[in-house]
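# Examining the three-dimensional arrangement
Letter by letter, the chains look like this.
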There are 2 protein chains.
Amino acid sequence: MDARPRLLLHEVGLRDGLQMESAVVPTERKIAWAEALLGSGVDLVQLGSFVHPGKVPQMADSDRLFEHFSAPGRKPAGVILSGLVLNEKGLERGLACGVEMFCMGVSASETHSRKNTGMAIEEANRRIVGMARSALAAGRRVQVSVQSAFGCGYEGTVPAERVVAIVGSFLEAGLTQLSLADTAGHATPDAVEGLYSRLLALDPRVEWTCHFHNTYGLALANCYAARRVGVTTFEASVAGLGGCPFTRVAGGNACTEDLVHAFQRDGLRPDVRLDALLGVAREVASFLGRDLDGSVYRSGPVPEPAHAGAAGS
Amino acid sequence: MDARPRLLLHEVGLRDGLQMESAVVPTERKIAWAEALLGSGVDLVQLGSFVHPGKVPQMADSDRLFEHFSAPGRKPAGVILSGLVLNEKGLERGLACGVEMFCMGVSASETHSRKNTGMAIEEANRRIVGMARSALAAGRRVQVSVQSAFGCGYEGTVPAERVVAIVGSFLEAGLTQLSLADTAGHATPDAVEGLYSRLLALDPRVEWTCHFHNTYGLALANCYAARRVGVTTFEASVAGLGGCPFTRVAGGNACTEDLVHAFQRDGLRPDVRLDALLGVAREVASFLGRDLDGSVYRSGPVPEPAHAGAAGS
């Protein structure tokens, strides 16, 4: 029996990835990609966000996607459908179309908060906590996150105290699925270990998630740093898609199949079908017509030995 | 005073990077890049390798490069010029043209050893140890490495015992600057911590170096894993250039400026001139006419706050 904690994978490419693309991906294609992702063995798949379709046309079909996959038999039973909501209107839409887990967040950067939500941190926090309680009361799962937790493209350094205060308000509200999002990609492994260590000590019941962007090349290094101090859920995007339109510079998310490939080299999550993830990554790159950030969909996985036995001497 | 150990940076792009390129870079251009790298604050710069110019024409001007930079006043005094040698003929050339540190290695993969040197591991090891002693006797520094230490594109898994045995033979010969090279990029952070921990326990006098390739996206994560267990010298290539022509699949090296950018975010090596490294990375990418593996030369470093003070509330 492997004594290591089970690591969970939350695929967010259809949301955090595609919202960044100038092309709007047709719903039928999203459905095909989502089917493959839902069948790959990852634990959660984020199908979309509930934002104004005029502002983010890439997400205009979120309700349809959730309705599609909420119908019986359309996804493996254990996989959770998650959706991002920014406000009460989005929550209402998500409750109506079958979102199983609501993801919502408060930025630790005043500037990012105002640009993203039009509200100061304090007001945004109050509203998010209220929305989280409503979603829980409706019997749905909720993950709340601190965005720009490791720095902000506008403000630079974000004081750890501010992140701790927001997390404190989540804990007071009884929320136990929490996440830090490195929206701008400023995190380093040292910062990740430092901040998560502090937060994990606050309440042992919390299930912690991490969400890193690869703007400066550190997304996988940061995932490993988070794992080291006890984070067990990893948000990542197939092919390394992603980026936040509300920050100045934002690279793609940590790449799902690169992370799975690494984990599997060490015997973690052998149940995930790497080939299925690689298939989607290649299709997405082909559809978008450019190289994406992921490595393994281009290199292929570490090859099997060409002539087993030759290495024995 | 920062109590953390000083980390050393060994820039190897002019060798491990350019040997992989189909284009032969003119010597004058190499000299310009090397000048910038030597002045950037990194600790060691590998100017080239001493291999048969017919086999690797990209390295045919190695002797000229060392002669150039060995002349008085051509480089900052503290920076060490390193060169890679594969055999006695190369060592002879390197001794004649001013190599200050000889890098040489033995592969832990029989197939890689035979393809790279025409010799089995045992014979290659004997010859390398002999060459290392000759170079030390001639008053030069020597770094010996185990290549394919974390796996091999031909053989797959490389038993840790074999790496430990080769390192044991280096220690017996009194060699104390040692390195593991992940030639094929198979290492994971867990494997890195496991193997280096074991080796570092063998002899506290050894200065350990790491050399990772980013084939599967893990080069920086592996650098951090190595740092965590006590490795202090990092081989890396500007812009993430690199790759080994003798393995099937090989990505670029860990990217120097991305690693420096990360270290500096945590207050390590503030003396290195990131801007100088970024300048070379951009020139190299422009010369080669394609996007290279590095992130920061494309994204730019983490920006200074646009309006300092706004974050204070």
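Residues numbered from 1 in each chain as written. Chains lettered and ligands numbered in written order. Predicted model: local features only at pLDDT ≥ 70, side-chain atom pairs only at ≥ 80, totals over all residues.

### Describing the sheet that holds strand β4 (residues 101-107) of chain B
Residues and elements named next belong to chain B. Spatial strand order, β1-β2-β3-β4-β5-β6-β7-β8: eight strands in a closed barrel with parallel pairing. The mean inter-strand angle of the sheet, taken between neighbouring strand axes irrespective of direction, is 25 degrees. As paired strands, strand β6 (residues 177-182) and strand β7 (residues 207-212) are joined by six bridges and run parallel to one another. Of the residues in β7, the one forming a bridge with L178 is W208. In the packing of helix α3 (residues 62-70) onto the sheet, the strands contacted are β2 (44-50) and β3 (80-85), and the crossing angle to β2 comes to about 145 degrees. (Pairing = 2+ DSSP bridges. Helix = DSSP H or I, 4+ residues; strand = E, 2+ residues; numbered from the N terminus. Axes fitted to C-alpha atoms, helices over the stretch in contact; angles between N-to-C directions. Contact = placed C-beta atoms within 7 Å.)

### Notes on the interface of chain B and chain A
Where the parts come together, the accessible area they lose is often given as the size of the interface. Tallying the contact residues gives 42 residues for chain B and 42 residues for chain A. Of the residues contributing to the side of chain B that touches chain A, the split by class is 18 nonpolar, 16 polar and eight charged. (Nonpolar A, V, L, I, M, F, W, Y, C, P; charged D, E, K, R; others polar.)

### Considerations on the confidence of the model for chain A
Averaged over all residues, the pLDDT of chain A is 93; the fraction at 70 or higher stands at 94%. Of the regions scoring below 50 in pLDDT, residues 307-313 of chain A engages in eight contacts with residues more than four places distant in sequence or in other chains. (pLDDT = per-residue confidence, 0-100.)

### As for unusual backbone geometry
Glycine aside, residues mostly have negative phi, and peptide bonds are mostly found in the trans state. Residue and element names in this part refer to chain A. Located in the positive-phi region is A239, a residue other than glycine, with phi close to 65 degrees. With respect to the helices and strands, the residue A239 is situated in the loop between β8 (233-236) and α10 (256-265). When the 29 C-beta atoms within 10 Å are taken as the criterion, A239 is described as buried. (Buried ≥ 20, exposed ≤ 12 C-beta atoms within 10 Å, placed from the backbone.)

### Structural notes on the sheet that holds strand β4 (residues 101-107) of chain A
With parallel pairing, the eight strands of this closed barrel are ordered in space as β1-β2-β3-β4-β5-β6-β7-β8 (chain A). With direction set aside, neighbouring strand axes in the sheet form an average angle of 25 degrees.

### Digging into the pairing of strand β1 (residues 8-11) of chain A
Residue and element names in this part refer to chain A. In terms of strand pairing, β1 meets β8 through four bridges, oriented parallel. Bridge pairing in β8 places E11 opposite A236. Pairing between β1 and strand β2 (residues 44-50): two bridges, direction parallel. By the bridge assignment for β2, H10 is matched with L44.

### Considering the packing of helix α8 (residues 189-200) of chain B against helix α9 (residues 219-228) of chain B
All names here are of chain B. Relative to each other, α8 and α9 sit at 30 degrees, their axes nearing to 8 Å. Our classification of the angle between α8 and α9 gives roughly parallel. In the packing of α8 onto α9, the handedness of the crossing is right-handed. Along its contact with α8, which presents P189, V192, E193 and Y196, the element α9 presents A221, N222, A225, A226 and R228. Partitioning the contact of α8 with α9 into residue classes produces six nonpolar, one polar and two charged. (Parallel < 35°, antiparallel > 145°, perpendicular 65-115°, else oblique. Left-handed = near helix turned anticlockwise from the far one by under 90°.)

### Thoughts on the pairing of strand β6 (residues 177-182) of chain A
Counting buried residues along β6(A), six of its six residues qualify, which places the element largely inside the surrounding structure. Handedness of the crossover is the feature at issue here: the chain leaves β6(A), passes through helix α8 (residues 189-200) of chain A, returns alongside strand β7 (residues 207-212) of chain A, and the resulting connection is right-handed. (Right-handed = clockwise from strand over helix to strand, strands pointing away.)

### Section: the relation of the copies chain B and chain A
Once chain B has been moved 0.0 Å along the axis and rotated by 180 degrees, it coincides with chain A to within an RMSD of 0.0 Å. In short, the pair behaves as if placed about a two-fold rotation axis. Taking C-alpha positions as reference, the residue of chain B nearest the rotation axis is B:A221, located at 1.9 Å. When you check the interface residues of chain B against chain A, 100% turn up at the interface there too, and the contact is symmetric in its surfaces. (Least-squares fit on C-alpha atoms with pLDDT ≥ 70 in both.)

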